[in-house]
Amino acid sequence: MTRNSRPRAVLTVLAGVLAVLCLAVLGVRIVDPGHLPPARSAASAVESRNDAVTSAARMAAIAFLDIDYRGMDARVDRMLALSTGAFRQQYAAKRAVLVAATVEGQAVSSGTIRSIGIENVTGTRATVSVAADSVVNNLAIEQAKKNGQAADDKRYYRFKIDLDRVSGRWLVSDLQFVS
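How each quantity is defined
- By convention here, each chain's residues receive numbers from 1 onward along its written sequence.
- For this predicted model, a pLDDT threshold of at least 70 governs which residues receive local features, and a threshold of 80 or more governs which side-chain atom pairs are given and counted, while totals over whole chains, interfaces and linings are taken from all residues.
- Side-chain metrics rest on all non-hydrogen atoms present in the structure, leaving aside hydrogens and water.
- To form a nonpolar core, buried Ala, Val, Leu, Ile, Met, Phe, Trp, Tyr and Cys residues must be joined to one another through side-chain atoms within 4.5 Å.
- Remark: exposure states derive from per-residue accessible area (1.4 Å probe, protein chains only) relative to the maximum for the residue type, with buried under 20%, exposed over 50%, and partly exposed in between.
- In this text, helices come from DSSP runs of H or I with a minimum length of four residues, and strands from runs of E with a minimum of two, each type numbered from the N-terminal end.
- In what follows, a contact means two residues having at least one pair of non-hydrogen atoms within 4.5 Å.
- Put simply, a salt bridge is a Lys or Arg side-chain nitrogen that is within 4 Å of an Asp or Glu carboxyl oxygen.
- Pairing of aromatic rings covers Phe, Tyr and Trp, the last through its six-membered ring, and needs centres within 6.5 Å; plane angles under 30 degrees mean stacked, over 60 mean edge-to-face, and all others mean tilted.
- Any two strands between which DSSP finds at least two bridges are classified as paired.

**Points about the nonpolar core**
Here is step 1: Within the largest apolar cluster, 29 residues are counted, with the highest numbers of intra-cluster contacts made by M79, V130, F159, I161, L163 and V172.
Here is step 2: A per-element tally of this core places helix α2 (residues 38-65) first, with eight residues.

**Here's the deal with the environment of T102**
Here is step 1: Note on placement: T102 falls in helix α5 (residues 95-105).
Here is step 2: By relative accessible area, T102 is classed as buried at 5%.
Here is step 3: In this structure, the C-alpha to C-alpha distance between T102 and Y69, residues 33 residues apart in sequence, is 5.1 Å.
Here is step 4: In contact with T102, other than residues within four places in its own chain, are I67, Y69, M72 and A107.

**Focus on the pattern of salt bridges**
Here is step 1: In total, this model carries eight salt bridges according to the counting rule given.
Here is step 2: With a closest N to O distance of 2.8 Å, D133 and R114 form a salt bridge. Here the residue D133 occupies a position in strand β3 (residues 125-137), and R114 occupies one in strand β2 (residues 108-122), the gap between them amounting to 19 residues.
Here is step 3: Judged by relative accessible area, which is 15%, D133 ranks as buried.

**Considering the packing of aromatic side chains**
Here is step 1: A complete count under the given rule lists seven aromatic pairs for this structure.
Here is step 2: Ring geometry for F64 against F159: centres 5.7 Å apart, planes inclined by 85°, an arrangement best described as edge-to-face. In this pair, F64 sits in helix α2 while F159 sits in strand β4 (residues 154-166), placing the two residues 95 residues apart along the sequence.
Here is step 3: Taking the relative accessible area as the measure of exposure, F159 reaches 1% and is therefore buried.
Here is step 4: A connected cluster of aromatic rings, assembled from ring pairs, spans F64, F87, Y91, Y157, F159 and F177.

**A short note on the sheet that holds β4**
Here is step 1: Across the sheet, which stays open at both edges, the five strands sit in the order β1-β2-β3-β4-β5 with antiparallel pairing between neighbours. This sheet does not close on itself; its edge strands, each paired only once, are β1 (67-68) and β5 (169-177).
Here is step 2: The pairing of β1 with β2 spans two bridges and is classified as antiparallel. Residue pairing in the sheet places D68 in a bridge with V108 of β2.

The following block contains the structure:
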């Protein structure tokens, strides 16, 4: 080895060692996010919380719009499982009326979420805006169609949903229609 090639070899080895160390540090950060800088961990936590809030609001809105007179008890139970507090009590108190009305009108409805956005999240409370559409069928619509009348089977909803975090789950504490 010549005199000039020795320092070059040392630099090459050092560069290789540094590259391996950089890859090791990067690997730890990818595999174990707990080693992320606090700002990045906080952003990740906020993103995770926001995902949980929007997911809960989406499930609740779909459950609220899911109506089928042939199986309303299970649908009401599902909405109650996604609810808490006064909203849950009010919804449970209206169960018999809701089931009877859907059976009498042979109502069927399925909803689609068009847009969802968090208005506010503080600690264990969140407010979410939801835009949803549904397609409805019932005896009145069927009768109108039989009579050759125009029957609008589409409904457009805008909700404000309040959620409370209870035992690690986001549950509906209020659901309001907004115009």
